[in-house]
Amino acid sequence: MAILDLDLAPTTPPAHACGDDDHRLQRPQRHGKQQDLVGEKDDDLNLSKGVRHLCERGAITRLPARYVLPPSQRPAPTASLSSTACRLPVIDLARLKNKKSGGGDHGDRAAALAELDAACRDYGFFQVVNHGVEEAHSVFDVARRFFDLPSAQRSRYASSDIRAPVRYGTSFNQRNDGVLCWRDFLKIVVDDDKAAASSSSAAWPDAPVDLREVVAAYARATRRLFRELMDATLEALLGVGGHHDKNKKKMILEEGSSQMLVVNCYPACPEPDLTLGMPPHSDYGLLTVLLQDQVKGLEIWHEGRWVLVDPIPGALLVNIGDHFEIFSNGRYKSVLHRVRVNSARSRISLASLHSLPPDRVIAPAPELVNDMNPRRYMDTDFEAFLRHIASAEGNHKSFLHSRRIPEPSSSVRQ
Ligand SMILES: O=C(O)CCC(=O)C(=O)O
Ligand SMILES: [Fe+2]
């Protein structure tokens, strides 16, 4: 089976974006000439070992040049943040689970599905509560302990192979990034069988000693949540019976799925207004489940501006990925998001990206395509995405953009 990597080509921070996909176009360019690190040479070897390594070598008081974004791509100054914080729609899974027909309970599920539909359409992001993922606390703890390991131990998992089942790295798309991001990561591919088994892959890090067990348990729990959410979103999108049942079988039951866990670490940064932890991007798959702490940093592109997400304690964040936007023929939005860093605290997040197996073709659902609402995307699969990121250097087009079918001017928008 092909191994997945969900790195995405970075795209333009959209100071001048306006609702279509043109704001996904450009990767950050190197800004200015290389300068010296404080007291040492700006040597690519050290930078390639990651941000934590850099910070551990001694206090950094200025941002090294390789991390400095051009002014047009920088986040708004931290001082203005409080005014842009946003509470995303909250979906209570307890309400969705209640399928009793008749009476108030049934109405509750219908109302919750309507809220879910609106969130997927209008935000592309929502928070879920009563999700039942009790493993969230322990996986967060083990992730923190992994990043606390000495650099040499973390680097054992460094790889330039984007298909490696386990990969430790830095920045976003390190091979292509002109400007580096203030982020280190550990990516773990979870295949169906391993997630279902009680012990996980021997390739996963063996330190901290409980990492494999804890990550496998979390992977199983998020996979369950993914299926539950797909069931609900497909029902919200297509209604019950006929189409919903057929697509549910196809999308989440019969043909397996793919899952990638990405643990992101964003150390405290000396000049946070000059850089980003992650550049604007959309996620590749169907749904992403994001676990984050109370340190704010995630921003989403909403109604023509960047808004900072205000995390609810204990909630998980969910967002629509490119595959789902394509399947829904554009009704559900795979929304640009980025991560800003701060000078006071380091931040950890854990993204679980879910989709279909890599060779499965995704296309707009036929029942969502008609004369009034023509097909908006070409068929795609994961291999097409990998080919795209391998060749994207220099052409500045996002993957989703590349799958778009140009709209005839007379067509009706949703
Ligand atoms: O760290 C975050 O809040 C977001 C991470 C993210 O967007 C990703 O891993 O794709
Ligand atoms: Fe993301």
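Predicted, not measured: the structure shown is a model, and the values here were computed from it.

Below, the discussion takes up the sheet that holds strand 7 (residues 278-281). What the five strands build is an open sheet, ordered 1-10-9-12-7; its pairing is mixed. Edge positions in the sheet fall to strand 1 (85-86) and strand 7, since each has one partner strand and no second. Both strand 9 (residues 298-302) and strand 12 (residues 337-339) contribute to a ladder of three bridges, which runs antiparallel. Among the inter-strand pairings, L298 is bridged to a residue of strand 12, identified as V339.

With that out of the way, let us pick up the site of ligand 1. Near ligand 1, the surroundings consist of V262, N264, M278, D283, L290, Q292, G297, L298, H337, V339, S349 and A351. Sorting the residues of the shell around ligand 1 by element identifies strand 6 (258-266), strand 8 (287-292), strand 12 and strand 13 (347-355) as the ones contributing at least two each. Grouping the amino acids of the shell around ligand 1 by side-chain chemistry returns six nonpolar, five polar and one charged.

Further remarks concern the UniProt feature "domain: Fe2OG dioxygenase" (unreviewed entry) in the chain. Here, UniProt's "domain: Fe2OG dioxygenase" (unreviewed entry) annotation points to residues 256-356. The span residues 256-356 shows a helical share of 6% and a strand share of 46%, and its end C-alpha atoms are spaced 7 Å apart.

Moving on to helix 8 (residues 211-238). With 28 residues, helix 8 extends 39 Å between its outermost C-alpha atoms, agreeing within 8% with the 40 Å of an ideal straight helix rising 1.5 Å per residue. Among the 28 residues of helix 8, 20 are classified as buried, and the element is accordingly described as predominantly covered. At the C-terminal side of helix 8, G239 shows a positive phi close to 85°.

Glancing now at the pairing of strand 5 (residues 184-190). Counted residue by residue, strand 5 has seven buried out of seven residues, so it is predominantly covered. Every second residue of strand 5 is oriented toward a common face, with D184, L186, I188 and V190 on one face and F185, K187 and V189 on the other, all of them buried. When strand 4 (residues 166-170) meets strand 5, the two strands line up antiparallel, connected through five bridges. Opposite R167, over in strand 5, you have K187 as the bridge partner. One ladder, built from seven bridges, connects strand 5 with strand 6; its direction is antiparallel.

So, on to unusual backbone geometry. The residue after A207, namely P208, is reached through a cis peptide bond having omega -5°. Locating P208 in the fold gives a position in the loop between helix 7 (192-196) and helix 8. Positive phi outside glycine occurs at S171, with the angle close to 65°. Relative to the elements of secondary structure, S171 occurs in the loop between strand 4 and strand 5. A positive phi angle, near 50°, is found at E303, a position not held by glycine. By secondary structure assignment, the location of E303 is in the loop between strand 9 and strand 10 (305-309).

Among the structural elements, C181 can be located in the loop between strand 4 and strand 5. Measuring from C-alpha to C-alpha, the distance between C181 and Y67 comes to 6.1 Å, with 114 residues separating the pair along the chain. Those residues within four positions of C181 in sequence are excluded, and the remaining contacts are S171, F172, L276, G277, M278 and P279.

This part is about the sheet that holds strand 13. Taken together, eight strands build an open sheet; the order of strands is 2-3-11-8-13-6-5-4 and the sheet is mixed. Edge positions in the sheet fall to strand 2 (90-92) and strand 4, since each of these pairs with one other strand and no more. For this sheet, the mean angle separating the axes of adjacent strands, direction not counted, is 25°. In terms of strand pairing, strand 8 meets strand 13 through six bridges, oriented antiparallel. Counted as the bridge partner of V289 is S352 from strand 13. Across the sheet, helix 5 (residues 136-148) is in contact with strand 5, strand 6, strand 8 and strand 13; its angle to strand 13 comes to roughly 120°.

Right, let's get into the confidence of the model for the chain. When pLDDT is averaged across the chain, the result is 81; 79% of the residues are at 70 or more. Per-element confidence in the chain ranges from a low mean pLDDT of 56 for helix 7 to a high of 98 for strand 11 (residues 316-320). A low-confidence stretch, residues 393-397 stays under pLDDT 50, and its non-local contacts, those more than four residues away or across chains, total seven contacts. Here residues 410-414 is a poorly scored stretch, pLDDT under 50, and it has six contacts once near neighbours within four places are set aside; other chains count. Interface confidence in the predicted complex, given as ipTM, is 0.99; pTM for the same model is 0.86.

Let's shift gears to the packing of helix 5 against helix 8. Packed helix pairs are specified by the crossing angle of their axes together with the interaxial distance, meaning the distance between the axes. Look at helix 5 against helix 8: their axes get within 9 Å of each other, and the N-to-C directions meet at 140°. The angle between the axes of helix 5 and helix 8 places the two elements in the oblique class. With respect to the hand of their crossing, helix 5 and helix 8 are arranged in left-handed fashion. Residues S138, V139, V142 and F146 of helix 5 pack against L211, V214, V215 and Y218 of helix 8. Here the contact of helix 5 with helix 8 is built from residues that sort into seven nonpolar, one polar and no charged.

The rules behind each value
- Residues numbered from 1 in each chain as written.
- Chains lettered and ligands numbered in written order.
- Predicted model: local features only at pLDDT ≥ 70, side-chain atom pairs only at ≥ 80, totals over all residues.
- Pairing = 2+ DSSP bridges.
- Helix = DSSP H or I, 4+ residues; strand = E, 2+ residues; numbered from the N terminus.
- Near = placed C-beta within 6 Å.
- Nonpolar A, V, L, I, M, F, W, Y, C, P; charged D, E, K, R; others polar.
- UniProt positions renumbered as here; feature names shortened; annotations may be inferred.
- Expected span 1.5 Å × (residues − 1).
- Buried ≥ 20, exposed ≤ 12 C-beta atoms within 10 Å, placed from the backbone.
- Contact = placed C-beta atoms within 7 Å.
- Axes fitted to C-alpha atoms, helices over the stretch in contact; angles between N-to-C directions.
- pLDDT = per-residue confidence, 0-100.
- Parallel < 35°, antiparallel > 145°, perpendicular 65-115°, else oblique.
- Left-handed = near helix turned anticlockwise from the far one by under 90°.

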